[in-house]
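# Descriptive structure summary
Spelled out from the first residue to the last, the chains are:
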Protein chains: 2
Amino acid sequence: MRRWVWLAAIALAMPAIAQEPPTPASVVAAAKAEEWKAIDPADLLIMELAPEASGQPRMVVIQLLPPPFSQGWIGNIRTLATAHWWDGTTVYRVVDNWVTQWGDGEDDKAKAKPLPEGLRVVPESEYVVRSDVTLLAAMPAYDGGGRDSYASYTGFDVGWPFASDSDVLWPTHCYASVGVARDLSPDTGTGAELYAVIGHAPRQLDRNIAVVGRVIEGIEHLSVLPRGKGEAGVYDDPKLRVPIVSVRLGNELPDPLLFQYLNTESASFAEYVRVKANRNDSFYKVSAGGIDVCNVQVPIRRVPAK
Amino acid sequence: MRRWVWLAAIALAMPAIAQEPPTPASVVAAAKAEEWKAIDPADLLIMELAPEASGQPRMVVIQLLPPPFSQGWIGNIRTLATAHWWDGTTVYRVVDNWVTQWGDGEDDKAKAKPLPEGLRVVPESEYVVRSDVTLLAAMPAYDGGGRDSYASYTGFDVGWPFASDSDVLWPTHCYASVGVARDLSPDTGTGAELYAVIGHAPRQLDRNIAVVGRVIEGIEHLSVLPRGKGEAGVYDDPKLRVPIVSVRLGNELPDPLLFQYLNTESASFAEYVRVKANRNDSFYKVSAGGIDVCNVQVPIRRVPAK
């Protein structure tokens, strides 16, 4: 009996000797076409910043969270984008290892840019969703998933990272997450002033600010900006503000951008997480044996040419 | 009895009504002078980059890890700095949400800048330290400290974040950590090629790469650099490389820079961690009730003027 176990172990070890162990990139490259799911262009915000001094264009693509998460704010964001409200506003605040923020940025209400009609005031209760058991059960367990510093449980569903405690579920603040800037609680913000995370995941903001999406392309145009020297990292020198040429919903573009995400319920995604948590390719000496939810970037790609 | 409980609850609630609950910043501001500990200038690396196009100087201050951690590489780094080896080298690699890397950056050994004599080849076993029970016991427990996705235990000692499993202890990769770039395992690097983390903590690198220090001032000069478009984020356009004017040990400067860190064994540091893990000032609606080790930045300041 013992001998068979050994033989089986050797047989299992053979491929590892014959070829390099998988990497996250190799798992993603090997995913089947049907494991990729389309992102609806109507769920994208395309933000065009003024070009760099060199003339290089700067486009930032944001994917909005799907229902039932943060839909009050996301409805407002759709209204603001359709009204072309952000056109002519600026990126006005950048704090290292924290956020880059944009919008009107005017504290004085008398001078602030008027908002379009029809924006909802969203209550704090909508930072979380009463979790439906089906959704929780659908999130695959993964190494380290039970050891999160901020929540009882973390996992993935419909292409997004979530955390949960008892009966509520919420989207997490990770690198490149987009959230709604606001004043002190219980203000929840309208969605007109937005930020993207450009540092270590500020998970203490979870359930305290509305996460509404994530930057899926062009985060570097926000992360390389000079850090603000004014109060709370606001640019005290107005010349540093980066003009926003336009923000459009993806389906408003004449030639919509097509993206796909790796289905978080697929076998390849489960393998991608397992490999990320247990690196043993030739760069690594020791496998971590776990991973935190924000270190698992859901693979997203432009739709490959046919 | 019930009435007394209510009265006690009201009495306890009074200060919260009368004043704003503490914030991490208020706890640090209230720390006693004797809770701050000096950082020896001999443990600093002062890296001066070429000024920005605007003429603005760019100085990056790195604090080296104390013994017994990573001392083989740190010895090499002292030798390299004393030989002024980095002068005239460059920052040559920048990857978004990953690292900024500097040194010679020449893969072709025939063209590489010759290294000074006396550098040690450090074994992989020195990525960790056999943990001495005293050191582990000295690390204060904190909320969330038992729930780390990468290690059985995380904590702080002598001003630094650490993780541990059974009988080993290692320094963690957090935002602004500085590590030794290397080739595939078992190569461990000399210390001549270094990187700083500019994104979410890449904790999977723990125990796989030597952490040698952290940027304590000027990380923004590394985090705002344009991301490299060449292989692995190396600048394919040599004009993007940022010249390193000089790297000096802090005690080599005519006028050494003086810094202090908040003693991680102090009451104020314990309170700082508790407050960071349980924010309830007026911006917050829900306290996280925990925090990950890389979200607890050890407070460091320039020595205040007398």
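We now turn to the structure provided with this report. Owing to the predicted nature of the structure, the values given are computational and were not obtained by experimental measurement.

A few words now on empty space enclosed by the protein. Within this structure, the stated rule accounts for three cavities of 30 Å³ or more. A volume near 140 Å³ is recorded for the largest cavity. As for the largest cavity, its lining consists of 17 residues, and the residues nearest its centre are A:Ser149, A:Asp292, B:Ser149, B:Tyr150 and B:Asp292. Considering only residue class, the lining of the largest cavity consists of five nonpolar, four polar and eight charged. Considering only enclosed or pocket space, the second largest cavity measures out at about 50 Å³ in volume. Every residue lining the second largest cavity is listed: A:Ser70, A:Glu126, A:Tyr127, A:Pro171, A:His173, A:Asp206, A:Arg207, A:Ile209, A:Ala210 and A:Val211. Considering only residue class, the lining of the second largest cavity consists of five nonpolar, two polar and three charged.

Our next topic: unusual backbone geometry. Here the residue pair A:Ser185 and A:Pro186 is connected by a cis peptide bond, since its omega of 15 degrees sits within 30 degrees of zero. Summarising the element assignment, A:Pro186 is placed in the loop between strand E10 (177–180) and strand E11 (194–197). Residue B:Pro67 is joined to B:Pro68 through a cis peptide bond whose omega torsion reads 5 degrees. A positive phi angle is found at A:Ser70, which is not glycine, with a value near 55 degrees. Within the secondary structure, A:Ser70 sits in the loop between strand E3 (58–64) and helix H3 (71–82). A:Ser70 sits in the buried class, given a relative accessible area of 4%. In this structure, B:Arg207 takes a positive phi of about 70 degrees despite not being glycine. Secondary-structure assignment places B:Arg207 in the loop between strand E11 (194–197) and strand E12 (211–217). The buried category is assigned to B:Arg207, whose relative accessible area is 12%.

Turning to the sheet that holds strand E13 (residues 242–249) of chain B, a few remarks are in order. Around the barrel, which closes on itself, the eight strands sit in the order E2-E3-E12-E10-E11-E5-E4-E13 (chain B) with antiparallel pairing between neighbours. The average angle at which neighbouring strand axes cross in this sheet is 35 degrees, direction not considered.

All names here are of chain A. Buried residues dominate strand E4 (residues 90–94), accounting for five of its five residues. Note: E4 against strand E5 (residues 99–103), four bridges, orientation antiparallel. Among the inter-strand pairings, valine 91 is bridged to a residue of E5, identified as tryptophan 102. Between E4 and the antiparallel strand that follows it, E5, lie four residues; asparagine 97 among them carries a positive phi value of about 55 degrees.

This part takes up the sheet that holds strand E14 (residues 259–262) of chain A. All names here are of chain A. Pairing in this open sheet of three strands is antiparallel, and the strands run E1-E14-E15 from one edge to the other. The sheet is open, and its two edges are formed by strand E1 (36–39) and strand E15 (300–302), each paired on a single side. Strand-to-strand twist across the sheet, computed as the mean angle between neighbouring axes with direction ignored, equals 35 degrees. Note that E14 and E15 share three bridges and pair antiparallel. Its bridge partner lying in E15, glutamine 260 is registered against arginine 301.

We now examine the side chain of A:Asn97. Checked against the element boundaries, A:Asn97 lands in the loop between E4 and E5. With near-sequence residues (within four places) excluded, A:Asn97 lies in contact with A:Ile198, A:Gly199, A:His200, B:Tyr175 and B:Gln297.

Right, let's talk about the environment of B:Ile209 for a bit. If you trace the backbone, B:Ile209 turns up in the loop between E11 and E12. Taking the C-alpha atoms as reference, B:Ile209 lies 27 Å from B:Gln260; in sequence the two are 51 residues apart. The contact partners of B:Ile209, leaving out residues within four places of it in the chain, are A:Phe283, B:Tyr127, B:His173, B:Val180, B:Arg182 and B:Tyr195.

Attention now moves to the state of the cysteines. Linking two cysteines covalently via their sulfur atoms produces the bond known as a disulfide. Residues and elements named next belong to chain A. In total, this model carries two disulfides over all chains according to the counting rule given. There is a disulfide in this structure between cysteine 174 and cysteine 294, and the S-S distance comes to 2.0 Å. On the S-S bond that ties cysteine 174 to cysteine 294, the torsion sits near -70 degrees, and the link is left-handed. Here cysteine 174, found in the loop between strand E9 (168–171) and E10, pairs with cysteine 294, found in the loop between helix H6 (267–277) and E15; they are 120 residues apart in sequence, far enough to count as distant.

Facing the 46 residues of chain A at the interface are 46 residues of chain B. For the chain A and chain B pair, buried surface summed over both sides reaches about 4100 Å², with 50% attributable to carbon and sulfur atoms. For chain A, the biggest contributors to the area lost against chain B are A:Ser149, A:His200 and A:Phe283; these three give 18% of the whole. Linking chain A to chain B there are two salt bridges. Its salt-bridge partner being B:Lys285, residue A:Glu124 comes within 3.9 Å of it at the nearest N-O pair.

Before going further, it helps to examine the layout of surface pockets. Volume-wise, the second largest pocket comes out at about 1600 Å³. A:Val224, A:Pro226, B:Val224, B:Leu225 and B:Pro226 are, among the 38 residues lining the second largest pocket, the residues nearest its centre. Looking at the lining of the second largest pocket, its residues break down into 16 nonpolar, six polar and 16 charged.

Here we take up the pattern of salt bridges. Residue and element names in this part refer to chain A. A complete count under the given rule lists 26 salt bridges over all chains for this structure. Arginine 248 is the salt-bridge partner of aspartate 87, the closest N and O atoms lying 2.8 Å from each other. Here arginine 248 lies in strand E13 (residues 242–249) and aspartate 87 lies in the loop between H3 and E4, a separation of 161 residues in the sequence. The class of arginine 248 is buried, set by a relative accessible area of 18%. One network of salt bridges, in which partners are shared, links Asp148, Arg203 and Asp206.

Cut-off values and rules
Residues numbered from 1 in each chain as written. Chains lettered and ligands numbered in written order. Predicted model: local features only at pLDDT ≥ 70, side-chain atom pairs only at ≥ 80, totals over all residues. Heavy atoms only, no water. 1 Å grid on protein atoms, 1.4 Å probe; cavity = no way out; pocket = protein on both sides within 12 Å on 5 of 7 lines; lining within 4 Å. Points joined across faces, edges and corners; volume = space filled by probe spheres on them. Nonpolar A, V, L, I, M, F, W, Y, C, P; charged D, E, K, R; others polar. Helix = DSSP H or I, 4+ residues; strand = E, 2+ residues; numbered from the N terminus. Buried < 20%, exposed > 50% of the residue type's maximum accessible area, 1.4 Å probe, protein only. Pairing = 2+ DSSP bridges. Axes fitted to C-alpha atoms, helices over the stretch in contact; angles between N-to-C directions. Contact = heavy atoms within 4.5 Å. Disulfide = S-S within 2.5 Å. Buried area = accessible area lost by both parts, 1.4 Å probe. Salt bridge = Lys/Arg side-chain N within 4 Å of Asp/Glu carboxyl O.

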